[in-house]
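Next come the chains, spelled out residue by residue.
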Amino acid sequence: MEPVIELNKISKSFGAFKAVDELSLEVYKGNVFGFLGPNGAGKSTTMRMILSLIKPSSGSIKIFGKELTSHRNEIMRQIGCIIEKPDFYLYMSAEKNLQLFSKLSGVDVSKNKIQEIIELVGLKGREKDKVKTYSHGMKQRLGIAQTLIHNPELIILDEPTTGLDPQGIIDIREMILRLKNDMGKTIILSSHILSEIELVANRMVIINKGKQVAQGEVTELLSTQDLILSIEVEDGKIAIEKLNGYKKEKFSSLENNTLKFSLSKNEIPGLVNELNKTGIKIYGITYRRALEEYFLKLTHQYN
Amino acid sequence: MIYRLLKVELYKIFSRPRSYIGFVAIAILVFIFQLALFVDGKTYLIFLIQQLETNFSISGNILNGYLITYVILQTLIVQMPLMVALVTGDLLSGEASAGTMRLLATKPISRANIITAKFIAGSFYTLLLVLWLGGLALGFGLWIFKTGDLMVLSTDHISIIPAAECLWRFFAACVVAFISLSVVTTFSLMLSAFSDNSIVPIVSTMAVIIIFTIIGTLDMPLFNNIKPLLFTTHMIVWQKLFQDPLSISTILKSIAIMLAYIVGFLSVTYYRFIKKDILS
Ligand SMILES: Nc1ncnc2c1ncn2[C@@H]1O[C@H](COP(=O)(O)OP(=O)(O)OP(=O)(O)O)[C@@H](O)[C@H]1O
Ligand SMILES: [Mg+2]
């Protein structure tokens, strides 16, 4: 199957600074593709290149099997996007904004269709108000409406949940799944929160400082074969002594009486059993998947 | 598609309060002028004629609608670039600062068409402003002060334009004034393509016009050579339509120079905007 998006070693430099560095990826039809990375990783820059807002310094982009540079308008007709913040003409109503942007996408949508979409994103009753009077979350919802209004094949969402309340986040998640499952849309979604991507995406790429860190099926990347297990005990040193070399090769660190092991899920019961036998008090057992742990470390560098 | 885009651009211009500032300001100024001349016109006229330091016998209705219109045009045309730039300097930069350029530029419209639509919409706005000024001044002028021959004083002579010839000359003056202001339109549009906020292009346009105008009024050898190159020198050429004898070639030459500026500014705008990375 031909990919919907094909990035071939694209790079973007701002002066001497490389914001995106030889990134390659493929997005397939009907998939939700996650773009995960800490602040400043290059997510928005990559999306801007896909949307032809900025030109790559090198590399090539194919969308729907066609070169972006030579088939731009044809391609853009089939894309809906939110990039960075959702911004609109503040002096017009939400309804008017939607009408205007759909017109610019080359379609004349009916009043009914606009109403339908306004209802879908939960802005019913406020559609006649000027966008000036909207809260950030409402603008974000209008942003989603705007991506859907011309019924595009490919939807690009750059951090669509920032500024939304918990219900808003859930609404968007459900909407993404509905677009994928019921309507067969292809979606690219960026976020700096792993769980947000994990809950909706089939495939994902993790980028940091413009470079790819990992790419693949979400279930594979986040498999339970590869866990970081943390066990908080009464006294870490004594616990290690008493374990007497059990799973020594899987042990990774001891900090504040918390033992860390890298292992797979089915090894946990054996280890806990062994520890129990030693009589050491266990206060807590938690685990994270290896990639999750790695990504947390990445984002912590920035916080 | 360009027609669609043009409709959208016009809609955007006319749904913003700032676009009406110019119309309201012109209406107020025209009203004030006409009121002042209605009340005090005779004194003003005597003052004007005294300046000639010649003896003159005045016959007929000198303080007529045409004279009023001429005086209003001459005074208010100076403020027109500001009113134009207020809207046209914002066409590209305003979308950049509002963040809407991001959306606009992802639509299936070429960047060149975005400029074309904005240029046409901006020009249309400019044309309306000129017609508004000319129409109000002439309409109310003729209604209140009636017609008569137009007496125009310039530095070295007086021209008397017969009443029957005034209408087409005012119409031609509006066309020429529109071309002059189109230089301002394209200049501010060009600056607008280089900026991500609308204050810089608007203020810069005004600054350049003020500087050029001042250089234009300084009578110094150094400046005299560059004066013909300044677009502001040619922006007052509409006044030449009210001189006897009519110097068509001077007027056409100025128009040609202004058109060259318009084409130049537009080319830079296209070049810049098509290549630009949209980062706002
Ligand atoms: N116009 C610009 N000039 C210079 N550097 C830029 C510009 N735009 C982005 N950058 C840099 O490129 C890098 C990537 O930025 P980008 O906006 O793509 O990050 P991001 O992954 O979207 O981050 P966030 O999660 O904060 O939105 C950053 O280091 C940023 O400083
Ligand atoms: Mg970003």
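Not measured: the values here are computed from a predicted model.

So, how was this worked out
- Residues numbered from 1 in each chain as written.
- Chains lettered and ligands numbered in written order.
- Predicted model: local features only at pLDDT ≥ 70, side-chain atom pairs only at ≥ 80, totals over all residues.
- Heavy atoms only, no water.
- Helix = DSSP H or I, 4+ residues; strand = E, 2+ residues; numbered from the N terminus.
- Polar contact = N/O pair within 3.5 Å; in protein donor to acceptor, adjacent residues only side chain to side chain.
- Contact = heavy atoms within 4.5 Å.
- Phe/Tyr/Trp six-rings, centres within 6.5 Å; stacked < 30°, edge-to-face > 60°.
- Buried < 20%, exposed > 50% of the residue type's maximum accessible area, 1.4 Å probe, protein only.
- Lys NZ or Arg CZ within 6 Å of the ring centre and 35° of its normal.
- Near = heavy atom within 4 Å.
- Areas by Shrake-Rupley, 256 points an atom, 1.4 Å probe, with all protein chains shown as cover.
- Nonpolar A, V, L, I, M, F, W, Y, C, P; charged D, E, K, R; others polar.
- Core = buried A, V, L, I, M, F, W, Y, C linked by side-chain atoms within 4.5 Å.
- Patch = residues over 30% accessible without salt bridge, like charges linked within 9 Å, V, L, I, M, F, W, Y side chains within 5 Å.
- Salt bridge = Lys/Arg side-chain N within 4 Å of Asp/Glu carboxyl O.
- Buried area = accessible area lost by both parts, 1.4 Å probe.
- Pairing = 2+ DSSP bridges.

Chemist: Would you take a moment to explain the side chain of T186 of chain A for this structure?
Modeler: Residues and elements named next belong to chain A. Secondary-structure assignment places T186 in strand β8 (residues 186-191). A polar contact is formed between the side chain of T186 and the backbone nitrogen of G30, at a distance of 3.1 Å. When residues no more than four places from it in sequence are discounted, the contact partners of T186 are V4, V27, Y28, K29, G30, N31, E153, L154 and I155.

Chemist: Even after reading the chapter, I still don't get the packing of aromatic side chains, so can you show me in this structure?
Modeler: Here the distance between the centres and the angle between the planes together describe a pair of aromatic rings. For the coordinates displayed, the defined rule picks out 23 aromatic pairs over all chains. Seen in terms of ring centroids, Y89 of chain A and Y91 of chain A are 6.1 Å apart; in terms of plane orientation they differ by 55°. Their pairing is tilted. Comparing Y89 of chain A with Y91 of chain A, the two get one shared label, buried. By the ring-pair criterion, three or more aromatic residues cluster together here, those being F14, Y20, F23, Y125 and W132 of chain B. Its end group placed over the ring of Y11 of chain B, K96 of chain A keeps NZ or CZ at 4.3 Å from the ring centre. A cation over an aromatic ring shows up here: R111 of chain B above the ring of F273 of chain B, its NZ or CZ 5.7 Å from the ring centre.

Chemist: Can you help me understand helix α1 (residues 43-50) of chain A in this one?
Modeler: Count 3.6 residues to each turn of an α-helix, and residues three or four apart come out pointing the same way. For α1 of chain A, the tally of buried residues reaches eight of eight residues, placing the bulk of the element in the interior. Of the residues one or two after α1 of chain A, S52 of chain A is the one with positive phi, at around 60°.

Chemist: Any chance you could explain the site of ligand 1 here in plain terms?
Modeler: Near ligand 1 there are 13 residues, and of these G40, G42, K43, S44 and T45 of chain A occur at the shortest range. Site remark: ligand 1 is flanked by residues from chains A and B. Within the backbone of G42 of chain A, an N or O atom sits 2.9 Å from an oxygen atom of ligand 1. Taking 640 Å² as the accessible area of ligand 1 by itself, protein coverage stands at 65%. Of all the elements in the fold, those that place two or more residues in the shell around ligand 1 are β2 (17-27) and α1 of chain A. If you tally residues by element for the shell around ligand 1, the top one is α1 of chain A, at three residues. Considering only residue class, the shell around ligand 1 consists of six nonpolar, five polar and two charged.

Chemist: Got a minute to help me understand the nonpolar core in this structure?
Modeler: Note that soluble globular proteins tend to have their nonpolar side chains buried in a common cluster. Within the largest apolar cluster, 156 residues are counted, with the highest numbers of intra-cluster contacts made by I188 of chain A together with L150 of chain B. With 17 residues, helix α8 (residues 163-193) of chain B is the largest single contributor of residues to this core. Counting residues in hydrophobic clusters, the runner-up holds 14 residues, among them L227, I231, F261 and I280 of chain A.

Chemist: What should I look at first to understand the side chain of T232 of chain B in this one?
Modeler: Residue and element names in this part refer to chain B. Structurally, the position occupied by T232 is in helix α11 (residues 231-234). By relative accessible area, T232 is classed as buried at 10%. Excluding anything up to four places from it in sequence, T232 contacts I209, F212 and T213.

Chemist: Just checking my understanding: could you explain a nonpolar patch on the surface for this structure?
Modeler: All names here are of chain B. Residues Y20, V24, I28, F31, I32, L35, F38, V39, F140, W143 and I144 make up a contiguous nonpolar surface patch of roughly 1100 Å² in combined accessible area. For the nonpolar patch, the secondary-structure elements that each account for two or more residues are α2 (18-52) and α7 (111-145). With eight residues, α2 is the largest single contributor of residues to the nonpolar patch. Counting through the fold element by element, L35 comes out in helix α2.

Chemist: Explain the interface of chain B and chain A to me, please; I cannot follow it from the model alone.
Modeler: In many reports, interface size means the accessible area that the parts give up when they come together. Facing the 29 residues of chain B at the interface are 32 residues of chain A. Buried area between chain B and chain A, summed over both chains or domains, comes out near 2800 Å², and the portion from carbon and sulfur atoms is 57%. Taken together, chain B and chain A are joined by three salt bridges. Here K12 of chain A ties to D277 of chain B by a salt bridge, and the two come within 2.6 Å at their closest N and O atoms. Of all the secondary structure elements, the ones that give two or more residues to the side of chain B that touches chain A are α1 (2-14), α5 (93-98), α6 (100-104) and α12 (248-275) of chain B. The biggest single contributor to the side of chain B that touches chain A is α1 of chain B, with five residues. Its residues assigned to classes, the side of chain B that touches chain A comprises 13 nonpolar, six polar and 10 charged.

Chemist: Quick question: what am I supposed to make of the sheet that holds strand β5 (residues 66-67) of chain A here?
Modeler: Residues and elements named next belong to chain A. With antiparallel pairing, the four strands of this open sheet are ordered in space as β2-β1-β4-β5. Each having just a single partner strand, β2 and β5 make up the two edges of the open sheet. Alignment of strand β4 (residues 58-63) against β5, held across two bridges, turns out to be antiparallel. Pairing of K62 across the sheet is with E67, part of β5.

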